[in-house]
There are 2 protein chains.
Amino acid sequence: MTPLPAAEFEEELRAIGEQRYHHLHPFNERMHAGDLTEDEFRGWVRNRFYYQLNLPIKDAFVLTKLPGSEHRRRWIKRITDHDGTDGAEGGIERWVRLGESVGLTRADLHDDRAVLPGVRFAVDAYVAFCRDRPWLEAVASAMTELFAPDLLSRRITDVREHYPWIAPSGLEYFRTRLTQQPADIEHLLELVLTHADTREKQLACARALEFKCDVLWTLLDSVQLAFGKDA
Amino acid sequence: MTPLPAAEFEEELRAIGEQRYHHLHPFNERMHAGDLTEDEFRGWVRNRFYYQLNLPIKDAFVLTKLPGSEHRRRWIKRITDHDGTDGAEGGIERWVRLGESVGLTRADLHDDRAVLPGVRFAVDAYVAFCRDRPWLEAVASAMTELFAPDLLSRRITDVREHYPWIAPSGLEYFRTRLTQQPADIEHLLELVLTHADTREKQLACARALEFKCDVLWTLLDSVQLAFGKDA
């Protein structure tokens, strides 16, 4: 099979996001509609923190297999974006501040027993995917980032509107991501569109992106089941 | 068994370096005595390059398992030290310049077929060790760095004295390492002396350091056998 032209392949990937990214998940739709209870919001923040904690780890696995210094130099930014540097707070600390703004302590966030089993399974599967699969698929699984900016900018607006009990400073994580993501997205597209040079590789990338959509979706399923109004 | 006090444990580790670090290897002694042929010197530079290329990879594996953001923030410097950043050339590029100063092209250095099998086995074993062993042992295996500054400062002097055909700019890699290593060594000692809190863990760290000495030693064995005067 000959590969799709890059533009069509990119469309194929974007169509996956339109259909399967977690912006469509009922729990997310309720968040944006102002429909979450405080308990639900806290349950999401606490459990999503486990995902945040694992981002630098999965990105370090990607780093172990990227082809050469130049790509590592660009990818490593993702790790410092979350871990921070001596001069700059990282995303994990910003998420702690989101937690505090919804009434969770740092200890609550780091209490490993509070992670829902379904969330742990999904996040651990993502880390294992990045550890075990070829670098191109591990990179492709990060492409949910292509769909994040729209969601994040709506989230900042909607959370401020509907959840006045959350201090605006708690939303700094999302604001910062909006400034960090354009460079990440550019690198992702460059890597995937260039290196998926057979139709088989393109399909493997599409499957990796679907898998990652499932990870994010399942995370919300677990939170919904455990903390949802009818739970 | 109760653990040794930190100072005694550090002495135990330093004694391993005194007995088994590659400064004692005959090939290294001949390098410092001015006894290497051009062919031997090039053979060493070319094969050691495979080790250099793998340093950021083994360090990314360590990064995947270090306990938390703060230690990753300190460890990640090792990766950028070798890969460089947008503003600063990295160690891999500096080693390319060492290669060029001994008459190897960039293509020679990157020609995978030129890596001696014994060198490949040793270096790959080091990467696998960092991938597969607990983080404390992976970290401990980096402790050969404790013995590097003495060797590197002597190397700069001895190479300049005995090998006038090598342009002094080729030695920039070694000069830079001398400025990078103190922070690395401080972090290594802090991690290993603090976290090896049982005698069993201390012994595992000592074994990891012995293993790493074997890696460096075997690399020189292979180079000596392939390029040595009597080869």
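A brief report on the enclosed structure follows. Please read all numbers here as calculations on a predicted model, not as lab measurements.

1. Brief notes about the overall build of chain A
- In terms of helices and strands, chain A carries 11 helices and zero strands.
- Its helices and strands taken in sequence order, chain A reads α-α-α-α-α-α-α-α-α-α-α from the N to the C terminus.
- Along the three orthogonal principal directions, the C-alpha set of chain A runs to about 55 × 40 × 30 Å.
- Across the 231 residues in chain A, those meeting the buried criterion constitute 54%.
- Counted over contacts in chain A with a minimum sequence separation of 6, partners at least 24 positions apart contribute 81%.

2. Details of the relation of the copies chain B and chain A
- Note on the identical chains: chain B maps onto chain A by a rotation of 180° and an axial translation of 0.0 Å, with an RMSD of 0.0 Å. As the rotation angle and translation indicate, the two copies are arranged about a two-fold axis. Within chain B, Ala-60 of chain B has its C-alpha nearest the rotation axis, a separation of 2.7 Å.
- Residue by residue, 100% of the interface of chain B is reproduced at the interface of chain A, so both copies engage with the same surface.

3. What to know about the packing of helix α4 (residues 69–83) of chain A against helix α4 (residues 69–83) of chain B
- Direction vectors running N to C along α4 of chain A and α4 of chain B enclose 165°, while the axes themselves pass 11 Å from each other. In this view, α4 of chain A runs roughly antiparallel relative to α4 of chain B, as classed from their interaxial angle. Of the two elements, α4 of chain A crosses α4 of chain B, and the hand of that crossing is left-handed. On the side of α4 of chain A, the interface is formed by Ser-69, Arg-72, Arg-73, Ile-76, Ile-79, Thr-80 and Asp-83 of chain A, while α4 of chain B contributes Ser-69, Arg-72, Arg-73, Ile-76, Ile-79, Thr-80 and Asp-83 of chain B.
- Residues belonging to the contact of α4 of chain A with α4 of chain B are distributed by class as follows: four nonpolar, four polar and six charged.

4. Focus: the interface of chain B and chain A
- In this complex, chain B contributes 18 residues to the contact, which on the side of chain A involves 18 residues.
- For the chain B and chain A pair, buried surface summed over both sides reaches about 1500 Å², with 58% attributable to carbon and sulfur atoms.
- Residue Arg-72 of chain A pairs with Asp-83 of chain B through a salt bridge whose shortest N-O separation is 2.6 Å.
- Counting across the interface, chain B meets chain A through eight residue pairs in polar contact (both at pLDDT 80 or more).
- Of all elements in the fold, only α3 (38–65) and α4 of chain B reach the threshold of two or more residues within the side of chain B that touches chain A.
- By residue class, the composition of the side of chain B that touches chain A is nine nonpolar, five polar and four charged.

5. As for the environment of Gly-170 of chain A
All names here are of chain A.
- The residue Gly-170 is located in the loop between α9 (148–162) and α10 (172–195) in this model.
- When its relative accessible area of 0% is taken as the criterion, Gly-170 is described as buried.
- For the pair formed by Gly-170 and Tyr-21, sequence separation is 149 residues and the distance between their alpha carbons is 24 Å.
- If we skip the residues at most four places from it in the chain, Gly-170 touches Arg-97, Leu-98 and Ser-101.

6. A look at the packing of aromatic side chains
Residue and element names in this part refer to chain A.
- Enumeration over the complete set of coordinates arrives at 22 aromatic pairs over all chains.
- Taken together, a centroid distance of 6.1 Å and an interplanar angle of 85° make the contact between Phe-41 and Trp-165 edge-to-face. Taken as a pair, Phe-41 in helix α3 (residues 38–65) and Trp-165 in the loop between α9 and α10 lie far apart in primary sequence, 124 residues in all.
- The partly exposed category is assigned to Trp-165, whose relative accessible area is 29%.
- Here the aromatic rings of Trp-95 and Phe-174 are separated by 5.7 Å at their centres, their planes lie at 75°, and the arrangement is edge-to-face. Within this pair, whereas Trp-95 is found in helix α5 (residues 91–101), its partner Phe-174 is found in helix α10, the two being separated by 79 residues in sequence.

Reading the values: rules and limits
Residues numbered from 1 in each chain as written. Chains lettered and ligands numbered in written order. Predicted model: local features only at pLDDT ≥ 70, side-chain atom pairs only at ≥ 80, totals over all residues. Heavy atoms only, no water. Helix = DSSP H or I, 4+ residues; strand = E, 2+ residues; numbered from the N terminus. Buried < 20%, exposed > 50% of the residue type's maximum accessible area, 1.4 Å probe, protein only. Contact = heavy atoms within 4.5 Å. Least-squares fit on C-alpha atoms with pLDDT ≥ 70 in both. Axes fitted to C-alpha atoms, helices over the stretch in contact; angles between N-to-C directions. Parallel < 35°, antiparallel > 145°, perpendicular 65-115°, else oblique. Left-handed = near helix turned anticlockwise from the far one by under 90°. Nonpolar A, V, L, I, M, F, W, Y, C, P; charged D, E, K, R; others polar. Buried area = accessible area lost by both parts, 1.4 Å probe. Salt bridge = Lys/Arg side-chain N within 4 Å of Asp/Glu carboxyl O. Polar contact = N/O pair within 3.5 Å; in protein donor to acceptor, adjacent residues only side chain to side chain. Phe/Tyr/Trp six-rings, centres within 6.5 Å; stacked < 30°, edge-to-face > 60°.

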